[in-house]
Structure formats: structure tokens, C-alpha cells
Amino acid sequence: MSTAGKVIKCKAAVLWEANKPFSIEEVEVAPPKQHEVRIKIMATGICRSDDHVVTGALVMPFPIILGHEAAGVVESVGQGVTSVKPGDKVIPLFIPQCGECTNCLSTKSNLCIKTDLGTSPGLMSDGTTRFTCKGKAVYNFLGTSTFTEYTVVHESAVAKIDSAAPLEKVCLIGCGFSTGYGAALQTAKVEPGSTCAVFGLGGVGLSVIIGCKVAGASRIIAVDINSDKFAKAKELGATDCINPKDFKKPIHEVLIEMTGQGVDYSFEVIGRTDTMTAALACCQYNYGVSVIVGVPPAAQNITFDPMLLFTGRNWKGSVFGGWKSKDSVPKLVADFMNKKFVLDPLITHTLPWTKINEGFDLLRTGKSIRSVLTF
């Protein structure tokens with residue numbers, strides 16, 4: 001029996017308000033409108049950015065269906081959709097690629113203006129949502145909303161991938177892996193023989209390490225206050241691991257001493273203002289590049305000595321690793337299939353999706369790197 005064109009009743013993890021557990025509810029998912037795609041989600045990763053909404057660090061409207069790192073199969077398509085068809089394996093894109101805006105047309109940028117970051121969050125481009133629960137409209141998250149059995153995305157926010165790809169692994173290419181890997185390869189453009197420092201060894205930080213190694217960095221210094229994460233960092237390519245708690249002096253001074261003049265490239269993959277300035281200060285004073293990869297906390301500003309920049313350092317931000325999403329995601333999946341990089345070490349837990357609250361507890365207690373929820 002075809003479900004195309006009909007409302008689908010399914011289960012989803014709804015967040016009714018901040019700082020509360022997810023609630024497994026029956027929701028109605030409307031059929032896709034023009035240029036929209038309805039996807040059956042098969043696997044979704046738990047990312048710190050989802051938790052930022054739970055804690056209120058990232059402000060979004062409620063009730064909401066979170067989740068933005070996933071893989072699934074196209075169930076049906078709306079009018080005018082040409083890039084995917086029912087049955088295709090796909091990855092939803094929280095940074096879309098419309099192909100028409102100034103950012104999509106420029107070779108220097110990847111942040112399509114159709115993104116949900118900061119405009120009217122939680123709604124589709126026509127100002128409505130496709131989710132209803134208990135008679136109430138439910139907002140979507142970053143145009144993707146993947147903590148649900150079915151979701152609807154705009155055609156510009158979905159990429160067709162290799163039909164042989166294991167969805168419970170390549171879902172990480174939808175956010176965490178690509179974000180870190182691209183921060184090293186695309187945003188920083190790490191060079192062979194260079195030295196790098198990576199602050200924060202979660203799934204994204206470890207993906208930065210993988211990127212630095214693929215780029216041929218000679219020294220990769222991993223920084224985290226949780227020493228339990230060091231073994232995994234070394235397995236993926238870190239040459240040194242340091243815990244700021246083991247030193248009396250500021251961590252940027254320790255890194256400068258270790259390297260002589262500071263590192264060539266540093267990456268902040270936590271989302272804290274104090275580590276952002278430390279990462280900037282630890283890179284070489286004239287040509288060092290520091291990249292902010294972690295989502296900055298809401299309503300916090302940074303105070304720093306402008307001399308840090310005046311001497312020539314480069315301070316950059318990176319969203320989704322600088323990749324143009326619709327073009328790059330299929331290629332990254334192909335690279336994974338060709339064993340150019342590994343994803344297995346990043347996935348520490350695989351849980352049935354109804355155990356979503358357990359998955360978030362693992363994240364908050366630092367016991368997981370990536371938990372993947374399967375449907």
C-alpha cells in the first residue's frame with residue numbers, strides 16, 4: 001500500500017520544553033509539498049548541538065523534533081523534485097545547497113542562505129511545519145528533524161548517496177564527521193608536515209584529528225580535560241595528548257613551549273569562549289590559523305588582546321567543515337566506501353532509537369563519542 005500523498009502516522013521523539021527528557025509520541029507527518037522530500041529515517045547520530053537546544057544554549061521554539069545527523073530512504077517526493085526518487089538512500093543536509101544564492105555560487109563559501117541557522121527557525125520555507133502531535137504544530141530543527149521515523153526536508157537539503165552504504169555508519173557524514181574532517185581539510189587547509197592542536201575530543205574533535213592526519217600533519221596535539229579520551233585520539237592519529245588540569249600554567253603557554261613558536265593550526269571543538277581564546281593564543285603569532293568549530297554559547301562574548309590578531313594570526317569559523325553539502329556528501333560517502341577514512345572508532349554506542357534519553361545521558365556523562373540510534 002503506497003503512502004505517497006498521504007499523512008503518515010508514526011513515532012517521534014518530541015521535546016516539549018527545555019531541560020526535560022524526550023517524549024516518544026505519535027506524530028502526523030504531512031506529505032511533501034512542491035520541491036520537498038519525505039524520508040524514512042534509518043539511523044541518526046546524537047550530536048552536542050542537539051543537546052544545546054535541550055539545555056537552552058541554542059535557542060529554538062518548542063515543541064520541537066531535534067536531530068540533524070542521519071541517513072534514510074526516500075519514501076515519496078513532492079512536485080518538481082528531480083534529484084532523488086522513492087527508494088534512494090539519502091542523507092539529510094542541515095546546511096542546504098540551493099545552488100542559486102550568492103554563497104552557493106561563490107567558490108569561497110558553503111553557508112547557503114536557505115539555512116535555518118538564525119532566520120525563522122523551526123519552519124519550512126513556506127512558514128509552516130510538516131509535523132503535528134496531539135493537535136499541536138511541532139517545529140522542525142535545522143530543516144532536518146531526524147529523531148522521528150519519517151521527516152520532510154526541502155530538496156536542496158538532501159543528498160543521494162551510494163545504495164550500498166551502511167546507513168548506521170554514514171549517518172555521521174551528515175554532521176559530526178564532515179564538520180571536523182572538513183575543518184582540517186577545507187577551512188584550515190592543513191599542510192603536510194605541519195603541527196596542529198585540537199581542543200576537545202568528542203566525535204567532531206576526533207574527526208578533526210582524522211582530517212589532520214589525512215592532510216599529512218607531522219604533529220597533532222590533542223587537548224581535553226578527560227584523559228579517558230586520549231587512547232582513542234592516539235588510535236586516530238594524535239601524536240601527543242595533554243590535559244590542562246595537569247599544568248599550573250595556561251594551556252596556550254604549554255603548547256607554545258611544546259612547539260617552539262606555537263602550532264601552525266589550532267581547532268576549538270568544544271564551544272567555550274575560554275578555549276576559543278586559548279586556541280587562538282597557541283597558534284604561531286604571524287601565520288598561525290585557528291578555527292572555531294564548536295557551536296558558540298548563546299549570549300556570550302569574547303574579550304581578547306587584539307595584538308593576538310595584529311601580528312598576523314588568522315581566526316576563522318567553520319560550518320559543516322566548509323563543504324558544499326549537496327555536492328560533497330555523496331563524495332565523502334564514496335571516500336568512506338573506498339576506505340579513505342574510518343568511521344567505526346567514532347561510534348561507541350548503537351541503540352534502538354526509543355532509548356534516545358539513554359543516548360543523551362551517555363553524551364552528557366562523557367561515556368560516548370557518538371551514539372547512533374537505529375530505527
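Above this text sits the structure in question.
Bear in mind that the values here come from a model prediction, so they are computed numbers and not experimental data.

Parameters and conventions
- Residues numbered from 1 in each chain as written.
- Predicted model: local features only at pLDDT ≥ 70, side-chain atom pairs only at ≥ 80, totals over all residues.
- Heavy atoms only, no water.
- Pairing = 2+ DSSP bridges.
- Helix = DSSP H or I, 4+ residues; strand = E, 2+ residues; numbered from the N terminus.
- Phe/Tyr/Trp six-rings, centres within 6.5 Å; stacked < 30°, edge-to-face > 60°.
- Buried < 20%, exposed > 50% of the residue type's maximum accessible area, 1.4 Å probe, protein only.
- Expected span 1.5 Å × (residues − 1).
- Bend = angle between axes of the 7 residues up to and from the residue.

*Asks:* Could you clarify how one ought to interpret the sheet that holds strand β4 (residues 64-65) in this entry?
*Replies:* Pairing between the strands of a sheet comes from backbone hydrogen bonds, and it takes one of two forms, parallel or antiparallel. Sheet architecture is open: 5 strands sit in the order β1-β2-β7-β8-β4, paired in mixed fashion. Every interior strand has two partners, whereas the edge strands, β1 (8-14) and β4, have only one. Judged from the 7 bridges that link them, β1 and strand β2 (residues 23-29) form a sheet pairing that is antiparallel. Counted as the bridge partner of K9 is E28 from β2.

*Asks:* How should the packing of aromatic side chains be read in this particular structure?
*Replies:* Inspection of the entire model under this criterion finds 11 aromatic pairs. Between F94 and F320, the aromatic rings sit 5.5 Å apart at their centres with planes inclined by 85 degrees, giving edge-to-face as the arrangement. With a gap of 226 residues between them, F94 in the loop between β6 (89-92) and α2 (102-105) and F320 in the loop between β16 (314-317) and α10 (325-337) connect regions that are remote in the sequence. Note on F94: relative accessible area 8%, which makes it buried.

*Asks:* Got a minute to help me understand helix α4 (residues 176-188) in this structure?
*Replies:* Quick reminder: α-helices carry 3.6 residues per turn. Residues three or four places apart thus point the same way. The terminal C-alpha atoms of α4, which comprises 13 residues, lie 17 Å apart, in line with the 18 Å expected from a rise of 1.5 Å per residue. In the structure, α4 departs most strongly from a straight axis at G182, where the bend amounts to approximately 45 degrees. Along α4, 11 of the 13 residues are buried, which leaves the element largely enclosed by surrounding structure. Within α4 the residues assigned to the buried category are G176, F177, S178, T179, G180, Y181, G182, A183, A184, T187 and A188. At the exit of α4 stands K189, carrying a positive phi of roughly 55 degrees.

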